[in-house]
Protein chains: 2
Amino acid sequence: MYAFINDQFLPIEKATLNVSDLAIQRGYGIFDFFKVQNHVPLFLDDYLDRFYNSASSMYLENIPGREKLKEIIFELLKRNQLANAGVKMIVTGGYSTDAYQIAPPNLIITQHTLILPTTAQIEKGIKIITHEYRRDIPAVKTINYIIGVWLQKKVVESNASDVLYHYENEVTEFPRCNFFIVKNDDTVITPSKNILKGITRKRLLEMRDLKVNEGTITLQDLKSAKEAFLTSTTKRILPIVQIDDDLVGNGKPGRITQELDTALHAIEKEEIERFHALKASV
Amino acid sequence: MYAFINDQFLPIEKATLNVSDLAIQRGYGIFDFFKVQNHVPLFLDDYLDRFYNSASSMYLENIPGREKLKEIIFELLKRNQLANAGVKMIVTGGYSTDAYQIAPPNLIITQHTLILPTTAQIEKGIKIITHEYRRDIPAVKTINYIIGVWLQKKVVESNASDVLYHYENEVTEFPRCNFFIVKNDDTVITPSKNILKGITRKRLLEMRDLKVNEGTITLQDLKSAKEAFLTSTTKRILPIVQIDDDLVGNGKPGRITQELDTALHAIEKEEIERFHALKASV
């Protein structure tokens, strides 16, 4: 498997950073992650928009521009020949001379086997736990997951699949996923603020036939939700059937969650067909 | 200059980590930093206590024990032959197969030229700015400095030397230093909670002749403080003469700050002499 670092393609085993890099010294960096499905990097421009926004928000300048970056990505896909995969782009704070000031950034692009939800998770839905926390600079996809990684022990010990953050009584997001509930009137709500805005979340908000809206979800709203689910690039839509000790609705994946999942699959399929048609016409 | 990684001494240029390390992927790791003065690693056991506490708090297990680690440190000092230096020990989340789960940690020990305050900073004191923020898991020395590094731009633009965090009206700490004020009754106060407990701070709290106490410092207390200063391993005691737009006291380093600085230098000198005497007697 090849990776790309700064200006060269290298076997992933040889993709290294000197320990003076600000990611290692100070956890300073940003990243983004998209998936390749049937050889198509899905919704790539959305991910690149967010990637460049994260980089500039954290003062990480002089990374390759969009066209150049796409060339590198397609060259990496060509070299690795994986029909389905995840691609991660990391920009770090660079080789800092004093271990604190930002230096010219290091760019790392790696390709990975997708880690998908299990069939049981998709069919039966998952249990989640909750934790009071608000991420620093939530709108930016920094590499700071110190709390998320640290909470994994508690997640596993609770027989849960993930942990939902809340702060000052408002629910926000998971470490790596967005959160949605279906209310009793069948409206679908996802938190509007203090979150990282996911691309799958964006696809759902764009849906015309199914009403999905940004709003506020309180801890009390969790108790009365009819359905709940999370979204992410790799997990798509995953039903949530238990939150801490409480079942969601009847404790089974709900009808609207399933309708949205069907619609999302259709959107992905369309995008893949559009891409291949475009490629064939060039 | 040599560095130590996991089980070997390497020239620092060759000290690298594969990009799968959880520090690069998720900013996950801990560290500690002590100084070597006149060939003596000052208060080493205090730093090692904190180092091991940070590692176990973050579930970073199977790092070398204290005696083994001291052997490695002294071997590194011997190889690099720097009379005065900083030594940094980093433990990362290791080479994670899924970029999220903690793996066997990587240990990195590096030695550096000390970056000391300038004579002007020591003699005239420094200006600082304030920022509302509370660090995640403040009692643990994680590598997460994403806000501290990000704020450097604002610090520089404000012609300041550092940024003091406060939260819910209580002052806490700097990204890398502890904070103290001298009240009008000449008592010295440093915040007691939501901070990383510095070793220099500990030395001050141990002083018998000068009353230094843990307590609460509010934003209002900053306005009425007679003197203010910060402490850190490399900066020792650095007078603060301006906080945002307000002068502290008469805008000059104060008498008690200077007395504490003299006392601290004496404590360091004693420790160095004790170490050399012990070494000579072996």
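As the structure is a computational prediction, the values presented were derived from the model and not from experiment.

1. Thoughts on the sheet that holds strand 2 (residues 8-11) of chain B
Residues and elements named next belong to chain B.
Next, step 1: Pairing in this open sheet of six strands is antiparallel, and the strands run 2-1-7-6-4-5 from one edge to the other. Each edge of the sheet is formed by a strand with only one pairing partner; in this case those strands are strand 2 and strand 5 (40-41).
Next, step 2: As paired elements, strand 6 (residues 85-92) and strand 7 (residues 107-112) share six bridges and run antiparallel to each other. Counted as the bridge partner of valine 87 is glutamine 111 from strand 7.
Next, step 3: In the packing of helix 3 (residues 66-80) onto the sheet, the strands contacted are strand 1 (2-5), strand 2, strand 4 (29-37), strand 5, strand 6 and strand 7, and the crossing angle to strand 7 comes to about 35°.

2. A few points about the pattern of salt bridges
Residue and element names in this part refer to chain A.
Next, step 1: Applying the stated criterion across every chain yields a total of 44 salt bridges over all chains.
Next, step 2: As a salt-bridge pair, lysine 202 and aspartate 46 come within 2.6 Å of each other at their nearest N and O atoms. Note that lysine 202 is positioned in helix 7 (residues 199-206) and aspartate 46 in helix 2 (residues 44-57), a separation of 156 residues in sequence.
Next, step 3: Residue classification places lysine 202 among the partly exposed residues on the basis of a relative accessible area of 35%.
Next, step 4: With relative accessibility at 15%, the residue aspartate 46 sits in the buried group.

3. Re the nonpolar core
Next, step 1: Among the nonpolar cores identified, the biggest contains 109 residues, and Phe51, Leu69 and Ile109 of chain A together with Phe51, Leu69 and Ile109 of chain B are the most heavily contacted of them.
Next, step 2: The contacts of isoleucine 109 of chain A, once residues within four sequence positions are left out, are Ala3, Phe4, Leu69, Ile72, Leu76, Val87, Lys88 and Met89 of chain A.

4. A short note on the interface of chain A and chain B
Interfaces are often described in size by the accessible area the parts lose on coming together.
Next, step 1: The interface is formed by 49 residues belonging to chain A together with 48 residues belonging to chain B.
Next, step 2: Note on chain A versus chain B: buried area summed over both sides is about 4,200 Å², and carbon and sulfur give 61% of it.
Next, step 3: Contact with chain B buries area across many residues of chain A, yet Arg26, Tyr100 and Ile146 of chain A alone supply 18% of it, more than any other trio.
Next, step 4: The interface formed by chain A and chain B holds zero salt bridges in total.
Next, step 5: Our count for the chain A to chain B interface comes out at 20 residue pairs in polar contact (both at pLDDT 80 or more).
Next, step 6: Listing elements by their share of the side of chain A that touches chain B, those giving two or more residues are strand 3 (16-18), helix 1 (22-26), strand 4 (29-37), strand 6 (85-92), strand 7 (107-112), helix 5 (146-150) and helix 6 (152-157) of chain A.

5. Points about the relation of the copies chain A and chain B
Next, step 1: Least-squares fitting of chain A to chain B yields an RMSD of 0.0 Å, with the transformation described by 0.0 Å of translation along the axis and a rotation of 180°. The transformation just described matches what one would write down for a two-fold rotation axis. Rotation axis and chain A: the residue whose C-alpha lies nearest the axis is glycine 27 of chain A, separated from it by 2.0 Å.
Next, step 2: An overlap of 98% is found between the interface residues of chain A and their copies at the interface of chain B, pointing to a shared contact surface.

6. Observations regarding a negative patch on the surface
Next, step 1: A cluster of acidic residues, Glu132 and Glu168 of chain A together with Glu132 and Glu168 of chain B, forms a negative patch at the surface.
Next, step 2: Relative to the helices and strands, glutamate 132 of chain A is located in strand 8 (residues 126-132).
Next, step 3: Judged by relative accessible area, which is 53%, glutamate 132 of chain A ranks as exposed.

7. Topic: the packing of helix 2 (residues 44-57) of chain B against helix 3 of chain B
All names here are of chain B.
Next, step 1: Where helix 2 contacts helix 3, the two axes come as close as 12 Å, and the packing angle between them is 120°. Classed by the angle they form, the pair helix 2 and helix 3 counts as oblique. The handedness of the crossing between helix 2 and helix 3 comes out as right-handed. Contacts between helix 2 and helix 3 pair Leu44, Asp45, Leu48, Asp49, Phe51 and Tyr52 from the former with Arg66, Leu69, Lys70, Ile73 and Phe74 from the latter.
Next, step 2: Here the residues of the contact of helix 2 with helix 3 sort into seven nonpolar, no polar and four charged.

8. With respect to helix 8 (residues 255-281) of chain B
Next, step 1: Here helix 8 of chain B is 27 residues long and its end C-alpha atoms lie 39 Å apart, about the 39 Å a rise of 1.5 Å per residue gives.
Next, step 2: Those residues of helix 8 of chain B that sit buried are Ile256, Thr257, Leu260, Asp261, Leu264, Glu268, Glu271 and Ile272 of chain B.

Criteria and cut-off values
Residues numbered from 1 in each chain as written. Chains lettered and ligands numbered in written order. Predicted model: local features only at pLDDT ≥ 70, side-chain atom pairs only at ≥ 80, totals over all residues. Heavy atoms only, no water. Pairing = 2+ DSSP bridges. Helix = DSSP H or I, 4+ residues; strand = E, 2+ residues; numbered from the N terminus. Contact = heavy atoms within 4.5 Å. Axes fitted to C-alpha atoms, helices over the stretch in contact; angles between N-to-C directions. Salt bridge = Lys/Arg side-chain N within 4 Å of Asp/Glu carboxyl O. Buried < 20%, exposed > 50% of the residue type's maximum accessible area, 1.4 Å probe, protein only. Core = buried A, V, L, I, M, F, W, Y, C linked by side-chain atoms within 4.5 Å. Buried area = accessible area lost by both parts, 1.4 Å probe. Polar contact = N/O pair within 3.5 Å; in protein donor to acceptor, adjacent residues only side chain to side chain. Least-squares fit on C-alpha atoms with pLDDT ≥ 70 in both. Patch = residues over 30% accessible without salt bridge, like charges linked within 9 Å, V, L, I, M, F, W, Y side chains within 5 Å. Areas by Shrake-Rupley, 256 points an atom, 1.4 Å probe, with all protein chains shown as cover. Lys, Arg positive; Asp, Glu negative; His and termini not counted. Charge placed at Lys NZ, Arg CZ, Asp CG, Glu CD. Parallel < 35°, antiparallel > 145°, perpendicular 65-115°, else oblique. Left-handed = near helix turned anticlockwise from the far one by under 90°. Nonpolar A, V, L, I, M, F, W, Y, C, P; charged D, E, K, R; others polar. Expected span 1.5 Å × (residues − 1).

Function cannot be inferred from these measures alone, as they are strictly geometric.
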